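# Structural overview for review
As a plain string of letters, each chain reads:
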Amino acid sequence: MAIILNGVDASVAIRSEMSAEVAQFVAKGHRPPHLVAILVGTDGGSMTYVGAKKKACDEIGFTGTVLHFEDTITEDFLLSEIDRINNDSNIDGLIVQLPLPKHISEEKVTEAILPSKDVDGFHDINMGRLAKGSHGVKPATPFGITLLLKHYGIEIAGKHAVVLGRSNIVGRPMSMLLSAAADYGNATVTLCHSRTQNLKEYTLQADILVVALGKPGFVTADMVKPGAVVVDVGTTRVDDASKKAGWKLMGDVDYPAIEPIASAITPVPKGVGPMTITGLMMNTLVVYKEKFGS
Ligand code: NAP
(Lines give C-alpha, C1' and ligand atoms only; values in the text may rest on other atoms or scores of the structure.)
Protein backbone atom coordinates (compact mmCIF):
# COMPACT_ATOMS: atom_id res chain seq x y z
CA MET A 1 0.00 0.00 0.00
CA ALA A 2 1.37 3.36 -0.99
CA ILE A 3 1.68 6.38 1.26
CA ILE A 4 -0.97 8.83 0.08
CA LEU A 5 0.69 12.21 -0.49
CA ASN A 6 -2.29 14.25 0.64
CA GLY A 7 -1.94 17.87 -0.43
CA VAL A 8 -4.74 19.02 1.87
CA ASP A 9 -3.10 17.59 5.00
CA ALA A 10 0.34 18.85 3.98
CA SER A 11 -1.09 22.29 3.20
CA VAL A 12 -2.83 22.52 6.58
CA ALA A 13 0.47 21.77 8.34
CA ILE A 14 2.63 24.07 6.18
CA ARG A 15 0.09 26.93 6.20
CA SER A 16 -0.18 26.72 9.98
CA GLU A 17 3.62 27.15 10.27
CA MET A 18 3.37 30.12 7.90
CA SER A 19 0.53 31.56 9.95
CA ALA A 20 2.68 31.42 13.10
CA GLU A 21 5.50 33.22 11.25
CA VAL A 22 3.12 35.94 10.04
CA ALA A 23 1.79 36.41 13.58
CA GLN A 24 5.37 37.02 14.79
CA PHE A 25 5.93 39.73 12.17
CA VAL A 26 2.62 41.38 13.02
CA ALA A 27 3.46 41.22 16.74
CA LYS A 28 6.63 43.18 15.93
CA GLY A 29 4.48 45.91 14.40
CA HIS A 30 4.77 45.01 10.70
CA ARG A 31 1.79 44.88 8.38
CA PRO A 32 0.85 41.34 7.21
CA PRO A 33 1.93 40.08 3.76
CA HIS A 34 -0.38 41.34 1.01
CA LEU A 35 -1.24 39.28 -2.08
CA VAL A 36 -3.33 40.74 -4.91
CA ALA A 37 -5.06 38.45 -7.42
CA ILE A 38 -6.42 39.89 -10.65
CA LEU A 39 -9.32 38.03 -12.21
CA VAL A 40 -10.64 39.01 -15.63
CA GLY A 41 -14.03 37.68 -16.72
CA THR A 42 -16.22 34.96 -15.22
CA ASP A 43 -14.60 31.65 -16.19
CA GLY A 44 -15.88 29.14 -13.59
CA GLY A 45 -12.52 27.40 -13.04
CA SER A 46 -10.66 30.71 -12.67
CA MET A 47 -13.22 32.04 -10.18
CA THR A 48 -12.85 28.86 -8.11
CA TYR A 49 -9.02 29.06 -8.12
CA VAL A 50 -8.99 32.74 -7.16
CA GLY A 51 -11.56 32.07 -4.42
CA ALA A 52 -9.32 29.30 -3.01
CA LYS A 53 -6.31 31.64 -3.05
CA LYS A 54 -8.25 34.36 -1.19
CA LYS A 55 -9.38 31.76 1.37
CA ALA A 56 -5.78 30.61 1.88
CA CYS A 57 -4.72 34.23 2.48
CA ASP A 58 -7.45 34.64 5.10
CA GLU A 59 -6.45 31.40 6.85
CA ILE A 60 -2.75 32.25 7.03
CA GLY A 61 -3.25 35.86 8.05
CA PHE A 62 -2.22 37.53 4.78
CA THR A 63 -4.18 40.41 3.34
CA GLY A 64 -5.74 38.98 0.19
CA THR A 65 -7.25 41.35 -2.35
CA VAL A 66 -9.14 40.20 -5.43
CA LEU A 67 -9.50 42.71 -8.25
CA HIS A 68 -12.25 41.40 -10.50
CA PHE A 69 -12.61 43.05 -13.92
CA GLU A 70 -15.05 42.56 -16.80
CA ASP A 71 -13.68 40.60 -19.76
CA THR A 72 -14.17 43.73 -21.88
CA ILE A 73 -11.27 45.62 -20.23
CA THR A 74 -8.46 46.66 -22.54
CA GLU A 75 -4.91 45.34 -22.41
CA ASP A 76 -3.72 48.90 -21.68
CA PHE A 77 -6.03 49.16 -18.69
CA LEU A 78 -4.77 45.85 -17.27
CA LEU A 79 -1.13 46.86 -17.81
CA SER A 80 -1.77 50.19 -16.05
CA GLU A 81 -3.29 48.33 -13.06
CA ILE A 82 -0.23 46.06 -12.93
CA ASP A 83 2.01 49.12 -13.03
CA ARG A 84 0.07 50.69 -10.16
CA ILE A 85 0.45 47.52 -8.07
CA ASN A 86 4.16 47.19 -8.98
CA ASN A 87 4.66 50.65 -7.47
CA ASP A 88 2.62 50.04 -4.33
CA SER A 89 5.06 49.16 -1.54
CA ASN A 90 2.19 47.81 0.57
CA ILE A 91 1.64 44.96 -1.89
CA ASP A 92 4.10 42.05 -1.84
CA GLY A 93 2.76 39.63 -4.42
CA LEU A 94 0.65 39.89 -7.59
CA ILE A 95 -0.90 37.14 -9.67
CA VAL A 96 -3.03 37.48 -12.76
CA GLN A 97 -5.25 34.44 -13.12
CA LEU A 98 -4.87 32.79 -16.53
CA PRO A 99 -6.35 32.30 -19.07
CA LEU A 100 -7.05 35.88 -20.14
CA PRO A 101 -9.50 36.96 -22.85
CA LYS A 102 -8.00 36.55 -26.33
CA HIS A 103 -7.53 40.30 -26.94
CA ILE A 104 -5.07 40.52 -24.00
CA SER A 105 -1.54 39.14 -24.44
CA GLU A 106 -0.70 36.75 -21.58
CA GLU A 107 2.98 37.12 -22.45
CA LYS A 108 2.86 40.94 -22.12
CA VAL A 109 0.92 40.71 -18.86
CA THR A 110 3.27 38.12 -17.34
CA GLU A 111 6.33 40.17 -18.26
CA ALA A 112 4.75 43.41 -16.91
CA ILE A 113 4.67 42.06 -13.35
CA LEU A 114 7.69 43.11 -11.32
CA PRO A 115 9.82 39.92 -10.92
CA SER A 116 10.04 40.51 -7.16
CA LYS A 117 6.20 40.49 -6.97
CA ASP A 118 5.70 37.65 -9.46
CA VAL A 119 4.69 35.02 -6.88
CA ASP A 120 3.45 32.64 -9.62
CA GLY A 121 7.09 32.54 -10.77
CA PHE A 122 6.24 32.86 -14.49
CA HIS A 123 8.33 35.94 -15.33
CA ASP A 124 11.31 35.36 -17.66
CA ILE A 125 13.67 36.72 -15.00
CA ASN A 126 12.44 34.22 -12.42
CA MET A 127 12.53 31.37 -14.97
CA GLY A 128 16.06 32.44 -15.91
CA ARG A 129 17.16 32.47 -12.28
CA LEU A 130 15.62 29.03 -11.85
CA ALA A 131 17.55 27.76 -14.88
CA LYS A 132 20.78 29.16 -13.41
CA GLY A 133 19.98 27.68 -10.01
CA SER A 134 20.19 31.11 -8.40
CA HIS A 135 17.84 32.82 -6.03
CA GLY A 136 14.38 33.74 -7.35
CA VAL A 137 10.68 33.07 -7.01
CA LYS A 138 9.90 29.48 -8.01
CA PRO A 139 6.90 28.53 -10.16
CA ALA A 140 4.09 27.75 -7.73
CA THR A 141 3.01 24.26 -8.89
CA PRO A 142 6.46 22.60 -9.08
CA PHE A 143 7.54 24.47 -5.94
CA GLY A 144 4.41 23.15 -4.17
CA ILE A 145 5.33 19.61 -5.28
CA THR A 146 8.78 19.96 -3.70
CA LEU A 147 7.10 21.13 -0.48
CA LEU A 148 4.79 18.10 -0.59
CA LEU A 149 7.67 15.65 -1.08
CA LYS A 150 9.59 17.31 1.75
CA HIS A 151 6.55 17.19 4.05
CA TYR A 152 6.29 13.42 3.57
CA GLY A 153 10.05 12.90 3.96
CA ILE A 154 10.54 11.66 0.39
CA GLU A 155 14.26 11.47 -0.42
CA ILE A 156 15.06 13.19 -3.74
CA ALA A 157 18.87 13.48 -3.81
CA GLY A 158 20.48 10.86 -6.02
CA LYS A 159 17.16 9.49 -7.25
CA HIS A 160 16.16 9.23 -10.90
CA ALA A 161 13.22 11.58 -11.45
CA VAL A 162 11.32 11.29 -14.71
CA VAL A 163 9.04 14.22 -15.61
CA LEU A 164 6.36 13.76 -18.28
CA GLY A 165 5.46 17.10 -19.91
CA ARG A 166 7.63 20.13 -20.67
CA SER A 167 5.22 23.06 -20.21
CA ASN A 168 6.63 26.32 -18.88
CA ILE A 169 4.35 26.25 -15.85
CA VAL A 170 4.85 22.65 -14.73
CA GLY A 171 7.09 20.13 -16.51
CA ARG A 172 10.13 22.21 -17.44
CA PRO A 173 10.45 24.12 -14.14
CA MET A 174 9.81 20.83 -12.28
CA SER A 175 12.79 19.30 -14.07
CA MET A 176 14.90 22.32 -13.14
CA LEU A 177 13.92 22.23 -9.45
CA LEU A 178 14.49 18.48 -9.12
CA SER A 179 17.91 18.74 -10.77
CA ALA A 180 19.01 21.86 -8.84
CA ALA A 181 21.91 21.67 -6.41
CA ALA A 182 19.57 22.39 -3.51
CA ASP A 183 17.85 20.53 -0.67
CA TYR A 184 14.72 20.09 -2.84
CA GLY A 185 16.78 18.77 -5.78
CA ASN A 186 19.94 16.82 -6.57
CA ALA A 187 17.99 14.21 -8.52
CA THR A 188 19.08 12.90 -11.91
CA VAL A 189 16.30 14.08 -14.18
CA THR A 190 14.85 12.89 -17.48
CA LEU A 191 12.31 15.21 -19.13
CA CYS A 192 9.90 13.51 -21.56
CA HIS A 193 7.39 15.02 -23.99
CA SER A 194 5.19 14.10 -26.93
CA ARG A 195 8.18 13.41 -29.19
CA THR A 196 9.87 11.05 -26.72
CA GLN A 197 10.24 7.61 -28.24
CA ASN A 198 9.64 4.47 -26.18
CA LEU A 199 8.28 6.49 -23.25
CA LYS A 200 7.77 3.38 -21.12
CA GLU A 201 11.52 2.67 -21.14
CA TYR A 202 11.99 5.96 -19.27
CA THR A 203 9.00 5.79 -16.94
CA LEU A 204 10.06 2.29 -15.81
CA GLN A 205 13.39 3.75 -14.66
CA ALA A 206 11.74 6.41 -12.50
CA ASP A 207 12.23 6.41 -8.74
CA ILE A 208 10.11 9.57 -8.80
CA LEU A 209 7.61 9.98 -11.64
CA VAL A 210 5.97 13.39 -12.11
CA VAL A 211 3.19 13.42 -14.69
CA ALA A 212 1.89 16.71 -16.15
CA LEU A 213 0.17 15.94 -19.44
CA GLY A 214 -3.55 16.72 -19.21
CA LYS A 215 -4.35 13.21 -20.52
CA PRO A 216 -6.63 11.37 -18.05
CA GLY A 217 -5.41 7.90 -17.09
CA PHE A 218 -2.49 8.04 -19.57
CA VAL A 219 0.06 6.40 -17.24
CA THR A 220 -0.86 2.76 -16.67
CA ALA A 221 0.50 0.32 -14.08
CA ASP A 222 2.82 -1.42 -16.59
CA MET A 223 4.66 1.93 -17.02
CA VAL A 224 5.55 2.28 -13.33
CA LYS A 225 8.46 0.69 -11.47
CA PRO A 226 7.26 -1.03 -8.26
CA GLY A 227 8.11 1.21 -5.30
CA ALA A 228 8.16 4.44 -7.33
CA VAL A 229 6.89 7.75 -5.97
CA VAL A 230 4.16 8.97 -8.34
CA VAL A 231 3.10 12.62 -8.52
CA ASP A 232 0.04 13.25 -10.68
CA VAL A 233 -0.33 16.90 -11.70
CA GLY A 234 -3.09 16.30 -14.24
CA THR A 235 -6.52 17.77 -13.61
CA THR A 236 -8.94 17.23 -16.45
CA ARG A 237 -12.70 17.69 -16.13
CA VAL A 238 -14.46 14.55 -17.39
CA ASP A 239 -18.20 13.96 -17.59
CA ASP A 240 -19.67 12.19 -14.57
CA ALA A 241 -23.44 12.04 -14.33
CA SER A 242 -23.21 10.84 -10.70
CA LYS A 243 -21.76 14.21 -9.64
CA LYS A 244 -23.91 17.25 -8.94
CA ALA A 245 -21.74 19.37 -11.25
CA GLY A 246 -21.97 16.72 -13.99
CA TRP A 247 -18.18 16.31 -14.06
CA LYS A 248 -15.25 15.18 -11.94
CA LEU A 249 -11.52 15.88 -12.00
CA MET A 250 -9.28 13.13 -13.34
CA GLY A 251 -5.54 12.84 -13.08
CA ASP A 252 -3.08 11.60 -15.69
CA VAL A 253 -2.36 8.30 -13.94
CA ASP A 254 -4.49 5.20 -13.49
CA TYR A 255 -4.67 5.63 -9.71
CA PRO A 256 -6.53 2.42 -8.71
CA ALA A 257 -4.04 0.24 -10.62
CA ILE A 258 -0.88 2.16 -9.63
CA GLU A 259 -1.56 2.85 -5.95
CA PRO A 260 -0.91 -0.79 -4.93
CA ILE A 261 2.55 -0.88 -6.58
CA ALA A 262 3.80 2.65 -5.83
CA SER A 263 5.56 3.51 -2.57
CA ALA A 264 3.79 6.90 -2.48
CA ILE A 265 1.23 8.59 -4.74
CA THR A 266 -0.76 11.82 -4.96
CA PRO A 267 -4.54 11.56 -5.29
CA VAL A 268 -6.59 13.73 -7.68
CA PRO A 269 -8.15 15.86 -6.34
CA LYS A 270 -6.51 16.75 -2.99
CA GLY A 271 -2.97 16.10 -4.17
CA VAL A 272 -1.01 18.67 -6.15
CA GLY A 273 -3.88 21.21 -6.46
CA PRO A 274 -3.78 22.50 -2.85
CA MET A 275 0.03 22.45 -2.96
CA THR A 276 0.03 24.90 -5.88
CA ILE A 277 -1.75 27.39 -3.63
CA THR A 278 0.59 26.58 -0.74
CA GLY A 279 3.56 27.20 -3.07
CA LEU A 280 2.05 30.52 -4.05
CA MET A 281 1.53 31.49 -0.39
CA MET A 282 5.10 30.43 0.46
CA ASN A 283 6.44 32.56 -2.39
CA THR A 284 4.47 35.53 -1.04
CA LEU A 285 5.90 34.99 2.44
CA VAL A 286 9.42 34.70 1.02
CA VAL A 287 9.23 38.03 -0.86
CA TYR A 288 7.65 39.66 2.21
CA LYS A 289 10.46 38.41 4.44
CA GLU A 290 13.00 39.83 2.00
CA LYS A 291 11.54 43.25 2.88
CA PHE A 292 11.03 42.85 6.60
CA GLY A 293 13.79 40.41 7.54
CA SER A 294 13.46 36.88 8.88
P1 NAP B 1 0.41 21.55 -21.39
O2 NAP B 1 0.95 22.92 -21.47
O3 NAP B 1 -0.71 21.15 -22.29
O4 NAP B 1 1.62 20.53 -21.56
C5 NAP B 1 1.40 19.16 -21.69
C6 NAP B 1 2.71 18.47 -21.94
O7 NAP B 1 2.43 17.09 -22.12
C8 NAP B 1 3.45 18.95 -23.19
O9 NAP B 1 4.80 19.17 -22.89
C10 NAP B 1 3.29 17.77 -24.16
O11 NAP B 1 4.40 17.58 -25.00
C12 NAP B 1 3.20 16.61 -23.22
N13 NAP B 1 2.54 15.49 -23.84
C14 NAP B 1 1.34 15.46 -24.47
N15 NAP B 1 1.08 14.24 -24.94
C16 NAP B 1 2.13 13.46 -24.58
C17 NAP B 1 2.45 12.09 -24.78
N18 NAP B 1 1.63 11.26 -25.43
N19 NAP B 1 3.62 11.62 -24.30
C20 NAP B 1 4.46 12.44 -23.64
N21 NAP B 1 4.21 13.75 -23.42
C22 NAP B 1 3.06 14.25 -23.89
O23 NAP B 1 -0.13 21.23 -19.93
P24 NAP B 1 0.29 21.84 -18.48
O25 NAP B 1 -0.12 23.25 -18.40
O26 NAP B 1 1.66 21.43 -18.11
O27 NAP B 1 -0.73 20.98 -17.58
C28 NAP B 1 -0.68 19.58 -17.53
C29 NAP B 1 -1.81 19.09 -16.65
O30 NAP B 1 -1.59 19.56 -15.33
C31 NAP B 1 -3.20 19.58 -17.03
O32 NAP B 1 -4.15 18.58 -16.73
C33 NAP B 1 -3.42 20.78 -16.12
O34 NAP B 1 -4.78 21.04 -15.88
C35 NAP B 1 -2.73 20.28 -14.89
N36 NAP B 1 -2.27 21.34 -13.98
C37 NAP B 1 -2.59 21.21 -12.68
C38 NAP B 1 -2.15 22.13 -11.76
C39 NAP B 1 -2.50 21.94 -10.34
O40 NAP B 1 -2.33 22.85 -9.56
N41 NAP B 1 -2.98 20.75 -9.94
C42 NAP B 1 -1.37 23.23 -12.16
C43 NAP B 1 -1.02 23.33 -13.53
C44 NAP B 1 -1.47 22.37 -14.41
P45 NAP B 1 4.82 18.65 -26.17
O46 NAP B 1 5.51 19.77 -25.47
O47 NAP B 1 5.72 17.86 -27.03
O48 NAP B 1 3.54 19.05 -26.83
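Residues numbered from 1 in each chain as written. Predicted model: local features only at pLDDT ≥ 70, side-chain atom pairs only at ≥ 80, totals over all residues. Heavy atoms only, no water.

When helices and strands are counted, the protein shows ten helices and eleven strands. Its C-alpha atoms give the protein a radius of gyration of 19 Å, near enough to 19 Å, the size a compact globule of 294 residues would have. Dimensions of the protein along its principal axes, counting C-alpha atoms only, are 50 × 40 × 35 Å. For the protein, restricting intrachain contacts to residue pairs at least 6 apart in sequence, the fraction spanning at least 24 positions comes to 70%. Per element, the accessible surface of the protein, about 13700 Å² overall, is 54% carbon and sulfur. (Helix = DSSP H or I, 4+ residues; strand = E, 2+ residues; numbered from the N terminus. Rg over C-alpha atoms; globule rule 2.2 N^0.38 Å. Contact = heavy atoms within 4.5 Å. Areas by Shrake-Rupley, 256 points an atom, 1.4 Å probe, with all protein chains shown as cover.)

This part covers the domain arrangement of the protein. According to the domain assignment, the protein consists of domain 1 (32-114) and domain 2 (140-273). Spacing between the C-alpha centres of domain 1 and domain 2 amounts to 28 Å. (Domains from an automatic or database assignment.)

A few words now on the site of the ligand. By nearness alone, 20 residues border the ligand, and Arg166, Ser167, Ser194, Lys215 and Thr276 come closest of all. Take Ser194: an N or O atom from its side chain is 2.5 Å from an oxygen atom of the ligand. Here an oxygen atom of the ligand sits 2.7 Å away from a polar atom, N or O, in the side chain of Thr276. Bound to the protein, the ligand loses 70% of the 930 Å² it would expose on its own. With three residues, the single largest contributor to the shell around the ligand is helix α10 (residues 272-292). The class makeup of the residues in the shell around the ligand is seven nonpolar, eleven polar and two charged. (Near = heavy atom within 4 Å. Polar contact = N/O pair within 3.5 Å; in protein donor to acceptor, adjacent residues only side chain to side chain. Nonpolar A, V, L, I, M, F, W, Y, C, P; charged D, E, K, R; others polar.)

A separate point is the layout of surface pockets. By volume, the largest pocket amounts to about 1500 Å³. Contributing to the lining of the largest pocket are 49 residues, with Tyr49, Thr141, Thr235, Gly273 and Thr276 lying nearest its centre. For the lining of the largest pocket, the secondary structure elements donating two or more residues are α1 (7-27), α2 (44-60), β4 (93-96), α6 (140-151), β10 (247-250) and α10. At nine residues, α2 tops the list of elements feeding residues into the lining of the largest pocket. Residues from two domains meet in the lining of the largest pocket; each of domain 1 (32-114) and domain 2 (140-273) gives at least three. Its boundaries defined by the atoms lining it, the second largest pocket holds a volume of some 510 Å³. (1 Å grid on protein atoms, 1.4 Å probe; cavity = no way out; pocket = protein on both sides within 12 Å on 5 of 7 lines; lining within 4 Å. Points joined across faces, edges and corners; volume = space filled by probe spheres on them.)

What holds strands together in a sheet is hydrogen bonding between their backbones, with the strands either parallel or antiparallel. Ordered in space as β1-β11-β8-β7-β5-β6, the six strands form an open sheet in which the pairing is parallel. Sheet topology places β1 (3-4) and β6 (188-192) at the edges, where each strand pairs with a single neighbour. Sheet topology places strand β5 (residues 160-164) next to strand β7 (residues 208-211); four bridges connect them, and they run parallel. Across the sheet, residue Val162 finds its bridge partner in β7, namely Leu209. (Pairing = 2+ DSSP bridges.)

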